[in-house]
Amino acid sequence: MIALKTFNRKELEDFISSGAFLQYDFLPITKHRALSHIHNPKASEEDTLLILAFFEEKLIGYVGCFPDCFEIDGKEIRYAWLSTLYANPDYRKRRPAKALLKKVFEEYEGRIAITEFTKEAEALYNIMGVFEYVFPKEGKRYYFRTDAAKMIPEKKPGTQPLKPLFQSLDAAANLLISIKNLPVQKPDFKYEVLPRIDKESADFMTGFSGVRNADEINTFIDYPWILEGKRDVKYFFSSFADTFTYFWIKIFDQNNQLKACFLLQLRDGYLKIPYLFSTSDLAEVVRFLNYFIITNKVKGFTSYQTRLNETIQQSKVFSHIYDRDFKREYLFHQQLLELLPNNFNPNYQDGDGDCMMT
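Residues numbered from 1 in each chain as written. Predicted model: local features only at pLDDT ≥ 70, side-chain atom pairs only at ≥ 80, totals over all residues. Heavy atoms only, no water.

On to the side chain of His333, then. Among the secondary structure elements, His333 is positioned in strand β14 (residues 322–333). When its relative accessible area of 3% is taken as the criterion, His333 is described as buried. From its side chain, His333 meets the backbone oxygen of Gly110 in a polar contact 3.2 Å long. Among all residues touching His333, those that are not within four sequence positions of it are Phe105, Gly110, Ile112, Val130 and Phe131. (Helix = DSSP H or I, 4+ residues; strand = E, 2+ residues; numbered from the N terminus. Buried < 20%, exposed > 50% of the residue type's maximum accessible area, 1.4 Å probe, protein only. Polar contact = N/O pair within 3.5 Å; in protein donor to acceptor, adjacent residues only side chain to side chain. Contact = heavy atoms within 4.5 Å.)

The structure is reproduced here in structure tokens:
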């Protein structure tokens, strides 16, 4: 019979500080991801943050929970995102994944949301019969440099021996792209690049409705799920990268007034824009992005920011080599949907949920 163990904030802190999480054949969480969960401003002391599944005292699976909430007409609706779900395939017949999910539903009274899930996990969620697809976001991925040495062997492992050839082709193609981008100059408007959100930006952000405020976003900048370093093979989710950095960008008008600010996340050459706040058109945001992408040799940029993508499509200065349509799906448990008003839309930004952390 499967035994389940839950961890709230204090229990998770003890679990990590004692080193007990290191004793298993695989890691149920990393220390830095645990710290992010522990410092989550929307997690209460009693919220369950991690659940482990055991069979005959052997760890066979786990699920992570990332508490969040909606503020609707002065009422708080608390729920949680599933941040991880893993079950040892050797114990598939014991159905640890279903046992973990049912425990999560019990802990949060069905108030569960999920996004950025794999096809395999999506199949399981659909089998459970309690989730609905809601609030889909249409996005774009823009490509600026070739990365055949990474992408082709990943999709077609049989081409691994050809990786040196792909690297040579990448080098030649990207040299030509770099030469083409030489005329691109630094933007002629005032901007600042900071490591985290400052007070001026925080005050500016209060004029926008959103799921997270400046203090929350800064918390996750300070306690990221990804650190720079070599991947721990005992942990099966994102934990380390060669490069992982946040940039807080401020753009000013001619009167030195803040007109736009946004967060960029750069991971191993790929860029995301988790948060964007602007009181004007986004032409200068696009110009800055183009300069940043060229300067930092960004390979690809993913955005679900609708207005930004529309501005990029109309821009003549955004020097991508091609783009692809992307779609982000969200799954909400039916019991969570029952608590939300008709025609409710959370207006999620790209970094809402647990998306910002990876």
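As a further point, take the nonpolar core. Judged by nonpolar contacts, the single largest core of 37 residues is most densely connected at Phe70, Met205, Ile217, Leu263, Phe332, Tyr348 and Met356. Counting residues in each nonpolar core, the second largest holds 27 residues, with Cys65, Ala80, Val104 and Phe131 among its members. (Core = buried A, V, L, I, M, F, W, Y, C linked by side-chain atoms within 4.5 Å.)

Once that is clear, we can look at helix α2 (residues 31–39). Of all the positions in α2, only His32, Arg33, Ala34, Ser36, His37 and Ile38 are classed as buried. Contacts from the buried residues of α2 go to α1 (9–17), β3 (58–72), β4 (75–87), α8 (214–222), β8 (227–228) and β9 (240–241).

This paragraph deals with the sheet that holds strand β6 (residues 131–143). With mixed pairing, the 12 strands of this open sheet are ordered in space as β1-β2-β3-β4-β5-β14-β6-β13-β12-β11-β10-β7. In this open sheet, the two strands that pair with only one neighbour each are β1 (2–7) and β7 (191–194). Neighbour to neighbour, the strand axes of the sheet diverge by 25° on average, direction disregarded. The sheet contact formed by strand β5 (residues 112–115) and β14 spans 3 bridges and is antiparallel. (Pairing = 2+ DSSP bridges. Axes fitted to C-alpha atoms, helices over the stretch in contact; angles between N-to-C directions.)

In the sheet, β3 pairs with β4 via 12 bridges, with the strands oriented antiparallel. Bridging across to β4, Phe66 finds its partner in Trp81. The antiparallel hairpin formed by β3 and β4 contains 2 residues in its connecting segment, where Asp73 sits at a positive phi of about 50°. Pairing of β4 with β5 involves 2 bridges; the strand directions are parallel. Counterpart to Trp81 in the pairing with β5 is Ala113.

What follows covers the packing of aromatic side chains. Considering all chains together, one arrives at 43 aromatic pairs under this definition. Residues Phe244 and Tyr246 carry aromatic rings whose centres are separated by 5.4 Å and whose planes lie at 80° to one another, so their mutual orientation is edge-to-face. With respect to burial, Phe244 and Tyr246 carry one shared label: buried. Every member of this aromatic cluster is reached through a ring pair, and the members are Phe70, Tyr79, Trp81, Phe135, Tyr330, Phe332, Phe344 and Tyr348. (Phe/Tyr/Trp six-rings, centres within 6.5 Å; stacked < 30°, edge-to-face > 60°.)

Let's shift gears to the side chain of Asp68. In this structure, Asp68 sits in strand β3. Overall, Asp68 belongs to the buried group, its relative accessible area being 1%. Among the polar contacts listed, one links the side chain of Asp68 to the side chain of Lys42, at a separation of 3.2 Å.

A word on empty space enclosed by the protein. Scanning the entire structure with this criterion turns up 1 cavity of 30 Å³ or more. Approximately 70 Å³ is the volume found for the largest cavity. Lining the largest cavity are Lys272, Ile273, Pro274, Thr302, Tyr304, Arg328, Asp350, Gly351, Cys355 and Met356. The leading source of residues in the lining of the largest cavity is strand β12 (residues 270–278), at 3 residues. Tallied by class, residues from the lining of the largest cavity come to 5 nonpolar, 2 polar and 3 charged. (1 Å grid on protein atoms, 1.4 Å probe; cavity = no way out; pocket = protein on both sides within 12 Å on 5 of 7 lines; lining within 4 Å. Points joined across faces, edges and corners; volume = space filled by probe spheres on them. Nonpolar A, V, L, I, M, F, W, Y, C, P; charged D, E, K, R; others polar.)

If you walk through the whole model with that rule in mind, you get 0 disulfides. Not part of a disulfide, Cys69 finds its nearest cysteine sulfur in Cys65, a span of 16 Å. Just so you know, Cys355 is unpaired, no disulfide at all, and the nearest cysteine sulfur is the one on Cys65, 16 Å from it. (Disulfide = S-S within 2.5 Å.)

Here the focus is helix α4 (residues 119–128). Those residues of α4 lying buried are Ala121, Glu122, Leu124, Tyr125 and Met128. All buried residues of α4 lie within an arc of 160° about the axis, which places them on one face of the element. In this structure, α4 carries Lys119, Glu120 and Ile127 as exposed residues pointing more than 90 degrees from its buried face. Those residues of α4 that are buried lie in contact with β4, α3 (96–107), β5, β6 and β14. Just downstream of α4, Gly129 is the residue with a positive phi angle, here 75°. (Arc of directions from axis to C-beta.)

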